[in-house]
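# Fold and geometry: a report
The primary structure of each chain is shown beneath.
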Amino acid sequence: MNIQQLLSQKISQAMVAAGADAQCDALVKPSAKVQFGDYQANGIMAAAKKLGLPPRQLAEKVISLLDLNDIAEKVEIAGPGFINIFLNKTWIAEQNELALKDEKLNLTLPTQKQTIVIDYSAPNVAKEMHVGHLRSTIIGDASVRILSFLGHNVIRANHVGDWGTQFGMLIAYLEKMQNENATDMALADLESFYRAAKKHYDEDEQFAEKARNYVVKLQGGDSYCRDMWRKLVDITMTQNIATYKRLNVTLSLEDTMGESIYNSMLPSIVADLKQKGLAVESNGAIVVFLDEFKNKEGEPMGVIIQKRDGGYLYATTDIACAKYRYEKLHADRILYYTDSRQHQHLEQVWLIVHKAGYVPESLKLEHHMFGMILGKDGKPFKTRSGDTVKLNDLLDEATQRATTLIKSKNPDLAGDELAQVVDAVAIGSVKYADLSKNRTTDYVFDWDNMLSFEGNTAPYLQYAYTRVLSIFRKSAITAEQLTGKIHLDHEKERALATRLAQFDEIITTVASEGTPHLLCAYLYDIATLFSSFYENCPILAAESETIKISRLKLAALTAKTLKTGLDMLGIKTVEKM
Ligand code: ARG
């Protein structure tokens, strides 16, 4: 249990003992100001109102019944009936010791491991990954890392767009390139390949005829068309895997679960929804009308699941996909990382799968949506010529800029060492800029901000980490050799130690809400608190050996927390920079 939960539980128990009802909530939060202690309980006022008691009177009673043992050194009533809790520094130090000793920093691990499917990245076949896939890929992968760290059974689902009528045209064009012995070159640049195929389709009636014919054949399972399709999928995914590797994203080929794998489920799902009376025919198409969603005219909104020509839609695939994840993957929880424009689509799909009984209400379906990446002009981020920004081009530019930056900061770095630092900073900056923003809003892509050594950025944290390591290099003691206890006598020691002890509650929240920006803000706090601790409390020149060891231990836990936190975010650290 993390500190917040522990205090919550203890105070709620005291509230119940004081007469409040069993459902009462102590509403414990970290305090906003130091004079209010480390935590405050804000739930007394509401409980007192229900009981018809003056809040301060209830607060007094609660405090008299409250047994925080050695956790708190002082508990106070403030204002209309807040309870302020001042933690006991010896207890904080003990929490730090436990985190230092444990491989998982003594984080609260779930009592019940869940199978969690994480749907993220999801690029499209025969298209190069572009900036539109960045947020899903980066944020989704951070969730994968955090939930895996906690011991859950995480299944990465890369819902690649690998099906649809465009494949007729792509196969016809691939065939043309093969006949001209130009396949390799044509496929090296998928964007141009797609554009050229489209151009032929629009301008050459014979080609278009063939393309339409190939769509039908592909859907019918024709082996030639299947092979050609496979080729397109494989080439795209090989390129994407290289991009994931570059991005330090954990997706591999085995995680690909493209739209096509649900094809065989679609006819029976449509038939079943019709049979259950959920889907009806409307103008030749098969539609599910949902009372819960109204169109502009105030009528129930229709979700088309089969077109007049027999074709299936994105919604049909997602219905099958949710069913599959429950039945075959045994998911307890499914997280979807797509942009906010797909919110209604997912809500409708989930309503349909619930109504049809394909997944139980107990299965948690969560849309962890996000906003757009904007340029400095406030419009969607594009290249100067107005094209979508390819991910690889973006990472090339990041590498270039990081090289200039690192060389100017540390001209002594060269060779492999330089390359490693540049890679960590370049990729780390791009990822961190995204992860550190509240995902629900849009954000402005700004090279200068993300590559700054000041503020809440990757380079700042990566540098802070190397500073702590350099203390250990100078001390000639390793973190493992530290014997002796942590003492928190200086105000700066206490502030750092208390924040370090809150890692657990930050991770609890991030794991349940999928909000990595809270972890970023926390790591930034740790780095700044360490910095002022270091300025005020000499470590290697401490007044006694006991204090030196204690401070080194705080430094060791700082390094361990920064490293673990950055790992969870998929951001690399280096030893020196
Ligand atoms: N491929 C889709 C896109 O590029 C995203 C898929 C998201 N996942 C899902 N199950 N619908 O927008």
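You'll find the structure just up there.
Now for a look at the structure at hand. (Residues numbered from 1 in each chain as written. Predicted model: local features only at pLDDT ≥ 70, side-chain atom pairs only at ≥ 80, totals over all residues. Heavy atoms only, no water.)

## Description of the overall build of the protein chain
Helix and strand counts for the protein chain come out as 21 helices and 13 strands. If you line up the protein chain on its principal axes, its C-alpha atoms span 85 × 70 × 40 Å. The buried share of the protein chain, taken over its 577 residues, is 51%. Computed over 66 positive and 73 negative side-chain charges, the inter-centroid distance for the protein chain is 2 Å. (Helix = DSSP H or I, 4+ residues; strand = E, 2+ residues; numbered from the N terminus. Buried < 20%, exposed > 50% of the residue type's maximum accessible area, 1.4 Å probe, protein only. Lys, Arg positive; Asp, Glu negative; His and termini not counted. Charge placed at Lys NZ, Arg CZ, Asp CG, Glu CD.)

## Digging into the layout of surface pockets
Its boundaries defined by the atoms lining it, the second largest pocket holds a volume of some 590 Å³. Forming the walls of the second largest pocket are 21 residues, and the residues nearest its centre are Val-34, Asp-38, Arg-494, Ala-495 and Thr-498. If you list the elements that add at least two residues to the lining of the second largest pocket, you get helix H18 (491–500), helix H19 (503–513) and helix H20 (516–536). Here the element with the most residues in the lining of the second largest pocket is H18; it accounts for seven residues. Across the lining of the second largest pocket, the residue classes tally to eight nonpolar, five polar and eight charged. (1 Å grid on protein atoms, 1.4 Å probe; cavity = no way out; pocket = protein on both sides within 12 Å on 5 of 7 lines; lining within 4 Å. Points joined across faces, edges and corners; volume = space filled by probe spheres on them. Nonpolar A, V, L, I, M, F, W, Y, C, P; charged D, E, K, R; others polar.)

## A few points about the sheet that holds strand E5 (residues 115–119)
Within the open sheet, the four strands sit side by side as E6-E5-E10-E11. Their pairing is parallel. Looking at strand neighbours, the two that pair on one side only are strand E6 (153–157) and strand E11 (364–367), the edges of this open sheet. Strand-to-strand, the axes of this sheet are offset by a mean angle of 15 degrees, without reference to chain direction. With four bridges joining them, E5 and strand E10 (residues 333–336) adopt parallel strand pairing. Its bridge partner lying in E10, Ile-116 is registered against Arg-333. Where helix H13 (residues 343–355) meets the sheet, its contacts fall on E10 and E11, and the angle it forms with E11 comes to roughly 170 degrees. (Pairing = 2+ DSSP bridges. Axes fitted to C-alpha atoms, helices over the stretch in contact; angles between N-to-C directions. Contact = heavy atoms within 4.5 Å.)

## A short note on the site of the ligand
The full set of residues close to the ligand is Asp-119, Ala-122, Asn-124, His-133, His-159, Tyr-314, Asp-318, Tyr-336, Thr-338 and Gln-342. At a separation of 2.8 Å, a nitrogen atom of the ligand approaches a polar side-chain atom of Asp-119. Residue Asn-124 places a side-chain N or O atom 3.4 Å away from a nitrogen atom belonging to the ligand. Across the complex, the protein chains shield 85% of the 350 Å² of accessible surface that the ligand would expose by itself. Of the residues contributing to the shell around the ligand, the split by class is three nonpolar, five polar and two charged. (Near = heavy atom within 4 Å. Polar contact = N/O pair within 3.5 Å; in protein donor to acceptor, adjacent residues only side chain to side chain. Areas by Shrake-Rupley, 256 points an atom, 1.4 Å probe, with all protein chains shown as cover.)

## Quick word on the sheet that holds strand E1 (residues 28–30)
Taken together, four strands build an open sheet; the order of strands is E1-E2-E4-E3 and the sheet is antiparallel. Two strands bound the open sheet, and with one partner strand each, they are E1 and strand E3 (72–78). When strand polarity is set aside, the average angle formed by the axes of neighbouring strands in this sheet is 25 degrees. The pairing of strand E2 (residues 39–41) with strand E4 (residues 82–87) spans three bridges and is classified as antiparallel. From the neighbouring strand, Gln-40 faces E4, where its bridge partner is Asn-84. Most of the contacts of helix H3 (residues 55–65) go to E3, to which it runs at about 165 degrees, and overall it touches E3 and E4.

## Description of the environment of Cys-24
Its location among the elements puts Cys-24 in the loop between helix H1 (3–17) and E1. Look at Cys-24 and you get buried, because its relative accessible area is 14%. Expressed as a C-alpha distance, the spacing of Cys-24 and Ala-46, which sit 22 residues apart in the sequence, is 8.5 Å. The residues touching Cys-24, leaving out its near neighbours within four places in the chain, are Ser-12, Met-15 and Val-16.

## Quick notes on helix H6 (residues 166–179)
Taking 1.5 Å as the rise per residue, H6 with 14 residues should run 20 Å; its terminal C-alpha atoms sit 20 Å apart, in good agreement. A large share of H6 lies buried, amounting to 10 of its 14 residues. Every buried residue of H6 is accounted for by Phe-167, Gly-168, Met-169, Leu-170, Ile-171, Ala-172, Tyr-173, Leu-174, Glu-175 and Met-177. Elements that come into contact with the buried residues of H6 comprise helix H7 (183–188), helix H8 (190–203), helix H9 (205–219) and helix H10 (223–246). Looking one or two residues past H6, Asn-181 carries a phi angle of roughly 55 degrees, positive in sign. (Expected span 1.5 Å × (residues − 1).)

## Here's the deal with unusual backbone geometry
Phi at Ala-126 takes a positive value of approximately 65 degrees, unusual for a residue other than glycine. With respect to the helices, strands and loops of the structure, Ala-126 is situated in the loop between E5 and helix H5 (134–149). Classification of Ala-126 as buried rests on a relative accessible area of 0%.

## A closer look at empty space enclosed by the protein
Taken as a whole and assessed by the stated rule, the structure comprises one cavity of 30 Å³ or more. Every residue lining the largest cavity is listed: Arg-246, Asn-248, Asp-423, Ala-424, Ile-427, Gly-428, Lys-431, Gly-570 and Lys-572. Top element by residues in the lining of the largest cavity is helix H15 (residues 415–435). It accounts for five residues. Looking at side-chain class alone, the lining of the largest cavity contains two nonpolar, three polar and four charged residues.

## Some details on the pairing of E6
Inspection of the sheet shows E5 paired to E6 by five bridges, in the parallel sense. Each bridged residue has a counterpart across the sheet, and for Thr-115 the counterpart in E6 is Asn-153.

## Looking at the pattern of salt bridges
What the rule picks out here adds up to 31 salt bridges. For Asp-202, the salt bridge goes to Lys-198, with nearest N and O atoms at 2.9 Å. Highlighted residues: Asp-202 and Lys-198, both in helix H8, separated by four residues, approximately one helical turn. Look at Asp-202 and you get exposed, because its relative accessible area is 51%. Overall, Lys-198 belongs to the partly exposed group, its relative accessible area being 37%. Here Glu-543 and Arg-551 are joined by a salt bridge, their closest N and O atoms 3.8 Å apart. For Arg-551, a relative accessible area of 5% corresponds to the buried category. (Salt bridge = Lys/Arg side-chain N within 4 Å of Asp/Glu carboxyl O.)

## So, the packing of aromatic side chains
Pairs of aromatic rings are described using the distance from one ring centre to the other and the angle between the two planes. What the rule picks out here adds up to 12 aromatic pairs. Consider the rings of Phe-381 and Phe-445, whose centres lie 4.6 Å apart with planes at 20 degrees: the pair is stacked. Placement of Phe-381 in the loop between strand E12 (373–374) and helix H14 (391–409) and of Phe-445 in the loop between strand E13 (443–444) and helix H16 (447–450) is noted, with a sequence separation of 64 residues between them. A residue is classified by how much of its surface remains accessible, and Phe-445, at 4% relative accessible area, is buried. A centroid spacing of 5.7 Å and a plane angle of 20 degrees characterise the contact between Phe-503 and Tyr-522, whose relative ring orientation is stacked. Here Tyr-522 lies in helix H20 and Phe-503 lies in helix H19, a separation of 19 residues in the sequence. (Phe/Tyr/Trp six-rings, centres within 6.5 Å; stacked < 30°, edge-to-face > 60°.)

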